[in-house]
Amino acid sequence: MASEILAAARPFDSASITGLLPAPPRLLGLGEPLHGEEALPAQRNEVFRQLVEHEGYRSIAIESDCLAGLIVDDYVREGVGTLDDVMRRGFSHGLGGSAANRELVAWMRAYNRDRPASDRIRFFGFDGPLEMAGPGSPRQALAGLHGYLAAHLDVLPFADLDGLLGADSRWTDPAATMAPARSVGRSGDAVALRLVADDLVALLMAESPRLIAATSREAWWRASLYGRTATGLLRYHAGMADPSPSRVARLMRLRDAMMAENLLAIAPLYGPALVYAHNRHLQRDRSAWRTAGWPGGDLLLEWWSAGAIVAAHVGAEYAFIATALGAAPHLGIAAPPPDTLEGVLYAALPENRHLIDSQRLSTVIADAGLALRTSANHGYFALDPAQVGETDGIVFIRDVTPAG
């Protein structure tokens, strides 16, 4: 088995990716098996530079707030703001503190500085404004959409946005994460805002010929991002107020649906794009997560990932390369048992980083009876041997050492 696995492995670089895929995708998903390890986005940066310089890639989309990402994109394209401010305001989930993300943004700005606008690469967040403490207020998205329409159309549906929104603290109450009764998402104001948002999004589409001619396709695209985010956030807030046992699974579905909508909007105009997020958000299989210590007992959550949704819509224009780790002692990840997928790869591949042909690998391990790996680090999600064939490739990092 070891020799067959070694024969299916190649260096992880842009040339190997191109040689592995049957056709160039518009969206190339590169997953990580856990968050917070700097070696992983540093590796992403290296391969993204190669994809831009040698394979014609035009953008990168990462698992971060899509509206905050506009700040980053304005900086890398036009030099708006300072790098320090962009890192502070342009990312969610603490990602602005990542040295690898800072390196990415600085490189993109340097790459774009002397290029014409048509040849500049783009940055996107494709997650919703959904911090760990809960969803954000829909104010920014609704105001952005309404402002664009009001500047170019004579008549808009009446909407007292400020009156219906009230204070942002109503929407961002962290207690609502665990207490549905604290959520504003099913209040009369929230229901009215959902109708307003729906009307504004419909008007944006109905008047798109006039609006695109009067502004630009780029400006209309940004307005549509505000519209997607407003309607998605309001749906998510309604889900936050759901007291039923299916509440958490519903929120997982809604989040990945928002991610998928953003990716499907990026692909036709700004692809080919590298998409970087957790494996579970990019995989083609149905995602599953068993929570531990959740109020009311452990839960088995199942939902279709953003990658699964995108793949269903665009087929071969989406590709997914997963990442798996061998040993990372500083993360509490010991060397993998030999009867797991990671254990087989760990034993067969002597060098540290490989890109593996998933189809060849799935054939090699088909009758091996491999088990799903468990880890003391509950943030690490091992690859299921049964799902190898649903990936287009696997990046295997044999030994991870602390960054820096």
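Residues numbered from 1 in each chain as written. Predicted model: local features only at pLDDT ≥ 70, side-chain atom pairs only at ≥ 80, totals over all residues. Heavy atoms only, no water.

Per an unreviewed UniProt entry, the protein chain carries the name Erythromycin esterase family protein and comes from Nonomuraea helvata.

How would you explain the packing of aromatic side chains if you had to name every residue and give the values?
Enumeration over the complete set of coordinates arrives at six aromatic pairs. Aromatic side chains F124 and Y270 sit 5.2 Å apart centroid to centroid with 40 degrees between the ring planes, which places their arrangement in the tilted category. With F124 in strand β4 (residues 122-127) and Y270 in helix α12 (residues 247-270), this residue pair connects regions lying 146 residues apart in the sequence. The same class applies to F124 as to Y270, namely buried. Seen from the ring of Y111, R115 lies directly overhead, with NZ or CZ sitting 3.6 Å from the centre. (Phe/Tyr/Trp six-rings, centres within 6.5 Å; stacked < 30°, edge-to-face > 60°. Helix = DSSP H or I, 4+ residues; strand = E, 2+ residues; numbered from the N terminus. Buried < 20%, exposed > 50% of the residue type's maximum accessible area, 1.4 Å probe, protein only. Lys NZ or Arg CZ within 6 Å of the ring centre and 35° of its normal.)

Tell me about the sheet that holds strand β3 (residues 59-65), residues and numbers included.
Spatially, eight strands are ordered β1-β11-β12-β10-β2-β7-β3-β4 in an open sheet, and the strand pairing comes out mixed. If you trace the sheet from one side to the other, it starts and ends with β1 (9-10) and β4, each paired once. With two bridges connecting them, β1 and strand β11 (residues 353-356) associate as antiparallel partners. Paired with R10 across the strands is L355, a residue of β11. (Pairing = 2+ DSSP bridges.)

Can you lay out the pairing of strand β7 (residues 273-278) for me, pointing to particular residues and giving the numbers?
Burial runs high along β7: six of the six residues are buried. Relative to β7, strand β2 (residues 27-32) runs parallel, the two sharing six bridges. Among the inter-strand pairings, E32 is bridged to a residue of β7, identified as H278. Summarising the sheet, β3 and β7 pair through four bridges and their orientation is parallel.

Tell me about the side chain of D173, and name the residues and values.
Here D173 shows up in the loop between α8 (161-165) and α9 (188-206). Take D173: its relative accessible area is 17%, and that puts it in the buried class. At 2.8 Å, the side chain of D173 forms a polar contact with the side chain of R182. (Polar contact = N/O pair within 3.5 Å; in protein donor to acceptor, adjacent residues only side chain to side chain.)

Kindly report on the layout of surface pockets, identifying the contributing residues and their values.
When its volume is computed, the largest pocket comes out at roughly 1200 Å³. Around the largest pocket, the lining comprises 40 residues; the ones closest to its centre are H35, E63, H93, M132 and R255. At the level of elements, α3 (39-55), β3, β5 (130-131), β6 (134-135), α11 (217-240), α12, β7 and α13 (279-282) are the ones that each hand at least two residues to the lining of the largest pocket. By volume, the second largest pocket amounts to about 730 Å³. Where the lining of the second largest pocket is concerned, the elements lending two or more residues are α13, β8 (286-290) and β10 (318-327). (1 Å grid on protein atoms, 1.4 Å probe; cavity = no way out; pocket = protein on both sides within 12 Å on 5 of 7 lines; lining within 4 Å. Points joined across faces, edges and corners; volume = space filled by probe spheres on them.)

Can you lay out the nonpolar core for me, pointing to particular residues and giving the numbers?
One finds L28, F48, V105, M108, F123, L149 and L361 to be the most contacted residues of the largest nonpolar core, which totals 112 residues. Ranked by the residues each element gives to this core, the list is headed by β10, at eight residues. By size, the runner-up hydrophobic cluster in this structure holds eight residues, among which are L233, M240, L251 and L254. (Core = buried A, V, L, I, M, F, W, Y, C linked by side-chain atoms within 4.5 Å.)

Any chance you could break down empty space enclosed by the protein for me, citing the residues and the numbers?
Within this structure, the stated rule accounts for three cavities of 30 Å³ or more. In terms of lining residues, the largest cavity is bounded by 13 residues, among which C66, F124, G125, W221 and L225 are the most central. Of all the secondary structure elements, the ones that give two or more residues to the lining of the largest cavity are α4 (69-78), β4, α11 and α12. The leading source of residues in the lining of the largest cavity is β4, at four residues.

Help me get a handle on the environment of E218, residues and values and all.
Mapped onto the elements of the fold, E218 is located in helix α11. Remark: the alpha-carbon pair of E218 and L269, spanning 51 residues in sequence, is separated by 9.2 Å. Ignoring sequence-local partners within four residues, the contact set of E218 consists of R77, R122 and Y270. (Contact = heavy atoms within 4.5 Å.)

Give a description of the side chain of N262 that names residues and reports values.
Within the secondary structure, N262 is located in helix α12. Given a relative accessible area of 4%, N262 falls into the buried group.

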